[in-house]
Amino acid sequence: MVSRTTADAKGEVVVLLIGMRINRFRAVHLWLPVMLAMFRMLRELEQDPARGLRSRVMLTASPRTYYIVQYWESKEKLYAYATAPDAFHHKAWARLNRMERAGKLRGQVGIWHETYVVPEGSYEAIYGDMPAFGLAAAHGQIPLEKRGRYAKDRFSYRSQQVPVAEKTS
């Protein structure tokens, strides 16, 4: 393992944060299916890499809040999975919506997601004595020197170099 590395991401990066919050621990019959559905969707995505999930990290913010940081190939692939009638997400979302409309989830379990499409030049990463993790697990890991020792150098990296003639005009 190389001591200091960075992610080998090129172009824009698509990050989805998705999770749940247990609002009432005693409502296990309501929040456990939500949690299990999250795991089932991850399994489905891992078994079909063409859907576009590159990597994921499961985290907890508290004993109540669990979330997954997902790195996607593109926003188009993320949207395609989210709306695909054959994907488990479609079935899980429909069930959740039915329960919500019936008032069964109110106050029991919270769900959330945030999606970020980050253009090249607006992200950078550094890992010290770490195996591929996060963005590096999604896009590959390279020695730090290939992108620059300092954050400002890594932010200024471009996978498509601008021709010299265009820089001066």
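See the structure printed just above.
Below: a short report on this structure. (Residues numbered from 1 in each chain as written. Predicted model: local features only at pLDDT ≥ 70, side-chain atom pairs only at ≥ 80, totals over all residues. Heavy atoms only, no water.)

1. Notes on the packing of helix α1 (residues 28-47) against helix α3 (residues 88-101)
(1) Moving on: Packing of α1 against α3 leaves a shortest axis separation of 9 Å and a crossing angle of 165°. Taken together, the axes of α1 and α3 lie roughly antiparallel to each other. By crossing handedness, the relation of α1 to α3 is classed as left-handed. On α3, the residues that touch Leu30, Pro33, Val34, Ala37, Arg40, Met41 and Glu44 of α1 are Phe88, His89, Ala92, Arg95, Leu96 and Met99.
(2) Moving on: Residue classes in the contact of α1 with α3 are distributed as nine nonpolar, one polar and three charged. (Axes fitted to C-alpha atoms, helices over the stretch in contact; angles between N-to-C directions. Helix = DSSP H or I, 4+ residues; strand = E, 2+ residues; numbered from the N terminus. Parallel < 35°, antiparallel > 145°, perpendicular 65-115°, else oblique. Left-handed = near helix turned anticlockwise from the far one by under 90°. Contact = heavy atoms within 4.5 Å. Nonpolar A, V, L, I, M, F, W, Y, C, P; charged D, E, K, R; others polar.)

2. Focus on the pattern of salt bridges
(1) Moving on: Counting across every chain of the model gives nine salt bridges.
(2) Moving on: We note a salt bridge from glutamate 73 to lysine 77, for which the minimum N-O separation is 3.1 Å.
(3) Moving on: Owing to a relative accessible area of 41%, glutamate 73 belongs among the partly exposed residues under this scheme.
(4) Moving on: A salt bridge links glutamate 100 to arginine 106, with the shortest nitrogen-to-oxygen separation between them at 3.5 Å.
(5) Moving on: Taking relative accessible area as the criterion, arginine 106 reaches 54% and is therefore assigned exposed.
(6) Moving on: Within the structure, one salt-bridge network assembled from shared partners comprises Asp8, Lys10 and Arg147. (Salt bridge = Lys/Arg side-chain N within 4 Å of Asp/Glu carboxyl O. Buried < 20%, exposed > 50% of the residue type's maximum accessible area, 1.4 Å probe, protein only.)

3. Topic: unusual backbone geometry
(1) Moving on: In this model, aspartate 129 sits at a positive phi of 50°, which is unusual for a non-glycine residue.
(2) Moving on: Its place among the elements puts aspartate 129 in the loop between β6 (127-128) and α4 (135-139).

4. Concerning the sheet that holds strand β4 (residues 65-72)
The strands making up a sheet associate through hydrogen bonds between their backbones, and the pairing can be parallel or antiparallel.
(1) Moving on: The strand order across the open sheet formed by four strands is β3-β4-β2-β5, and the pairing between neighbours is antiparallel. What marks the edges here is a single partner per strand, and that holds for β3 (53-60) and β5 (109-118). Averaged over all pairs of adjacent strands, the angle between their axes in this sheet comes to 15°, without regard to strand direction.
(2) Moving on: As paired strands, strand β2 (residues 13-22) and β4 are joined by eight bridges and run antiparallel to one another. Bridge pairing in β4 places arginine 21 opposite threonine 65. (Pairing = 2+ DSSP bridges.)

5. Some remarks on the environment of glycine 140
(1) Moving on: By the secondary structure assignment, glycine 140 is in the loop between α4 and β7 (141-143).
(2) Moving on: Measuring from C-alpha to C-alpha, the distance between glycine 140 and aspartate 8 comes to 5.1 Å, with 132 residues separating the pair along the chain.
(3) Moving on: Setting aside anything within four residues of it in sequence, one finds glycine 140 in contact with Thr6, Ala7, Asp8 and Leu135.

6. Thoughts on the side chain of threonine 65
(1) Moving on: Looking at where threonine 65 falls in the secondary structure, it is placed in strand β4.
(2) Moving on: On the basis of relative accessibility, which here comes to 15%, the residue threonine 65 falls in the buried class.
(3) Moving on: Look past the residues within four positions of threonine 65 in its chain and what remains in contact with it is Met20, Arg21, Thr60 and Trp112.

7. Let's talk about α1
Each α-helix winds once per 3.6 residues, and so residues spaced three or four apart point in a common direction.
(1) Moving on: Spanning 20 residues, α1 covers 28 Å between terminal C-alpha atoms, matching the ideal 28 Å at 1.5 Å per step.
(2) Moving on: Among all positions of α1, only Leu30, Trp31, Val34, Met35, Ala37, Met38, Met41, Leu42, Glu44 and Leu45 are buried.
(3) Moving on: Looking at the buried positions of α1, the neighbouring elements they touch are β2, β3, β4, α2 (75-83), α3 and β5. (Expected span 1.5 Å × (residues − 1).)

8. A closer look at a positive patch on the surface
(1) Moving on: A cluster of basic side chains, namely Arg95, Arg98, Arg101 and Lys104, defines a positive patch on the protein surface.
(2) Moving on: Secondary-structure assignment places lysine 104 in the loop between α3 and β5. (Patch = residues over 30% accessible without salt bridge, like charges linked within 9 Å, V, L, I, M, F, W, Y side chains within 5 Å. Areas by Shrake-Rupley, 256 points an atom, 1.4 Å probe, with all protein chains shown as cover. Lys, Arg positive; Asp, Glu negative; His and termini not counted. Charge placed at Lys NZ, Arg CZ, Asp CG, Glu CD.)

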